[in-house]
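# Report on the structure
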Amino acid sequence: METKARALSKKISFKNIIAVSFSVVSVFAIFACMIFGGVKLAYNVKFDKKVITTVSNKEVYYAAVDIVADIVEGDDVVSYLPEAEINAVVTINDTVESCDEVADAIIENTDEIISASRLILNGEVLGTADTSDLYSAVSARKAAFDIEGTQCESEFCDDVIIEEGYFLKSEVADVSELGEKISSLSVKTTLKESTEQSIPYKTVTNKTDSKPAGYVNKDRAGEYGVTVVTSGVVYVDGEETERVTLGSEVIKEPVDEIVTVGTARKSAGRVVSSGFTFPLPSGVWEVSCPYGKGGHKGVDLRAPHGTSIMAAASGRVTLAGVYRDYGNCVIIDHGNGLSTLYAHASKLCVSVGEYVSAGEVIALVGSTGNSTGNHLHFEVYVGSDRVNPQPYIGLR
Ligand SMILES: [Zn+2]
């Protein structure tokens, strides 16, 4: 450190280096010291023959020793200080140091005192080690849970503090001795994760009677939509503990699938009307003889033996038994003068007087009576007239 007086004396001597003699400069310098600085009695403090500080009086040194004992962690710190040799000297006022400066000088010049850090977990000291070693080990513990290729953030679940200070050398451990304690610190890693999810498409069905039942055509293929879901995921020591959906964004809308389905019955083109339930299950029958052909008073629907025959509409059973050429036969009265007849059954499932609802099984297909093969002969009566039954069940 350069005092004001010295600086001033240098400045003056430099300015006048050519013009003024050395003796004049010396006199002038002493004069300057007396005016601006003042000569004073002070004390040099030596550790092992080396001056470590200059104090205005011995009390400053002893006060500094008390400060050191206070600052430095460890028992009986003072006993670790080198023996101080304190000598009176003549000095300039500005060169003496304050208590804090002297304390620093003592610490710097005492080999048994070193700077280090304590690792503190929730207020409890786990140990003391070299500061940079401790920072490295603690950072490595946190980094161990970083998820590669992501912008995650890791932090300790508990309150972990590294506190710097001065310690007796004997109190400071090698960081490896704290390894187990450091590797048991819990780390919480939070991550924003985006995942794509598909959105199902809808199928729009267009029905057409210009195509037979069973006709299916995919006019346009459906396409899945895509939504990006952003989640906040929390891991503790690498295990997922929490997942919260933060938001989602549709990046592609789904495209409807369009399908055309034929509704016309197998042996017919156009459906005229359909007030009744079809008396046979779909897909098993075929018109083998339409109404009117050769004076035919009903419609013949060829179907396998044992196929369910269902009531075309609700009503009361007025006949259930063998009836003329019809073989096993059922007649249902639907009211308003409307009746239906089901002939050639292999088996009857209802009896006279019973009320049945539309679609209820009343008999099974067979070939009883005047019949050449398994089929249902179906008639519709309006009053006592047998009318074309086909429009009633959706056939032309
Ligand atoms: Zn017939």
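Basis of the calculations
- Residues numbered from 1 in each chain as written.
- Predicted model: local features only at pLDDT ≥ 70, side-chain atom pairs only at ≥ 80, totals over all residues.
- Helix = DSSP H or I, 4+ residues; strand = E, 2+ residues; numbered from the N terminus.
- Buried ≥ 20, exposed ≤ 12 C-beta atoms within 10 Å, placed from the backbone.
- Contact = placed C-beta atoms within 7 Å.
- Axes fitted to C-alpha atoms, helices over the stretch in contact; angles between N-to-C directions.
- Left-handed = near helix turned anticlockwise from the far one by under 90°.
- Nonpolar A, V, L, I, M, F, W, Y, C, P; charged D, E, K, R; others polar.
- Core = buried A, V, L, I, M, F, W, Y, C linked by C-beta atoms within 7 Å.
- Pairing = 2+ DSSP bridges.
- Arc of directions from axis to C-beta.
- Expected span 1.5 Å × (residues − 1).

## Observations regarding the overall build of the chain
- The number of helices and strands found in the chain is 6 helices and 24 strands.
- When each of the 396 residues of the chain is scored for burial, the buried share is 22%.
- Partitioning the contacts of the chain with sequence separation of at least 6, the portion at a separation of at least 24 is 70%.

## Focus on the packing of helix H3 (residues 58-71) against helix H4 (residues 99-108)
- In the contact formed by H3 and H4, the axes pass within 8 Å of each other and the chain directions differ by 65°. When the axes of H3 and H4 are compared, the crossing they make is right-handed. Note on element contacts: H4 touches H3 through Cys99, Asp100, Val102, Ala103, Ile106 and Ile107, opposite Val60, Tyr61, Ala63, Ala64, Val65, Ile67, Val68 and Ile71.
- Across the contact of H3 with H4, the residue classes tally to 13 nonpolar, no polar and 1 charged.

## Thoughts on the nonpolar core
- Among the nonpolar cores identified, the biggest contains 33 residues, and Ile309, Cys329, Val330, Tyr342, Ala345, Ala363 and Leu376 are the most heavily contacted of them.
- Where this core is concerned, the elements lending two or more residues are strand E15 (299-302), strand E16 (308-310), strand E18 (328-335), strand E19 (338-345), strand E22 (361-364) and strand E23 (375-382).
- Not counting residues up to four positions away in its chain, the partners in contact with cysteine 329 are Leu319, Gly321, Tyr323, Leu341, Tyr342, Ala343 and Ala345.
- In terms of nonpolar packing, the next biggest core, distinct from the first, is built from 25 residues, Val60, Val68, Leu119 and Phe167 among them.

## Section: the sheet that holds strand E11 (residues 225-236)
- Pairing in this open sheet of 4 strands is antiparallel, and the strands run E6-E8-E11-E12 from one edge to the other. Looking at which strands have only one partner, the edges of the open sheet turn out to be strand E6 (153-156) and strand E12 (239-252). Strand-to-strand twist in this sheet, taken as the mean axis angle between neighbours without regard to direction, amounts to 25°.
- Note: E11 against E12, 11 bridges, orientation antiparallel. Bridge assignment links valine 229 to a residue of E12, and that residue is serine 248.

## Details of the pairing of strand E1 (residues 39-47)
- Looking at chain direction, E1 and strand E3 (residues 84-92) are connected through 9 bridges and run antiparallel. Residue pairing across strands places valine 45 opposite isoleucine 86, the latter belonging to E3.
- Pairing geometry for E1 and strand E2 (residues 50-55), over 5 bridges, is antiparallel. Among the inter-strand pairings, asparagine 44 is bridged to a residue of E2, identified as threonine 54.

## Side note on the sheet that holds E2
- The sheet built from 3 strands is open, its strands ordered E2-E1-E3 with antiparallel pairing. Each end of this open sheet is capped by a strand with a single partner; those strands are E2 and E3. Within the sheet, the average angular offset between the axes of one strand and its neighbour, ignoring direction, is 35°.
- Strand contacts of H3: E1, E2 and E3, with the helix running at about 130° to E3, the strand carrying the most contacts.

## Some details on unusual backbone geometry
- Positive phi is not limited to glycine here, since arginine 324 has a value of about 45°.
- Following the sequence through the fold, arginine 324 ends up in the loop between strand E17 (315-322) and E18.
- Phi is positive for histidine 344, which is not a glycine, with a value near 70°.
- Relative to the helices and strands, histidine 344 is located in strand E19.

## Overview of the environment of valine 65
- In this fold, valine 65 is placed in helix H3.
- C-beta crowding within 10 Å serves as the criterion here: with 17 such atoms nearby, valine 65 is assigned to the partly exposed category.
- Through-space distance from the C-alpha of valine 65 to that of isoleucine 106 is 7.7 Å; in sequence the pair is 41 residues apart.
- Dropping the residues within four chain positions of it, valine 65 is found in contact with Val78, Leu81 and Ile106.

## Considering H4
- Looking at H4, one finds that the buried residues are Val102, Ala103, Ala105 and Ile106. Taken around the axis of H4, the buried residues stretch over an arc of 160°, which confines them to a single face. Away from its buried face by more than 90 degrees, H4 exposes Asp100 and Glu108.
- Here the buried face of H4 lies against E2 and H3.

## Some words on H3
- Counted at 1.5 Å a residue, the expected span for H3 with its 14 residues is 20 Å, and the 20 Å between its end C-alpha atoms agrees.
- Turning to H3, its buried residues are Val60, Tyr61, Ala64 and Val68. One side of H3 holds all its buried residues, which, seen down the axis, span an arc of 95°. Turned more than 90 degrees away from the buried face of H3, the exposed residues are Glu59, Asp66 and Asp70.
- On its buried face, H3 sits against E1, E2, E3 and H4.

## As for the pairing of E12
- The element E12 is largely exposed, with a buried count of 0 among its 14 residues.
- Here E11 folds back onto E12, and the loop between the two strands holds 2 residues, one of which, aspartate 237, carries a positive phi near 50°.

## As for the environment of serine 288
- Secondary-structure assignment places serine 288 in strand E14 (residues 286-289).
- Overall, the presence of 17 C-beta atoms within 10 Å leaves serine 288 in the partly exposed class.
- Through-space distance from the C-alpha of serine 288 to that of alanine 303 is 9.4 Å; in sequence the pair is 15 residues apart.
- Those residues within four positions of serine 288 in sequence are excluded, and the remaining contacts are Asp300, Arg302 and His375.

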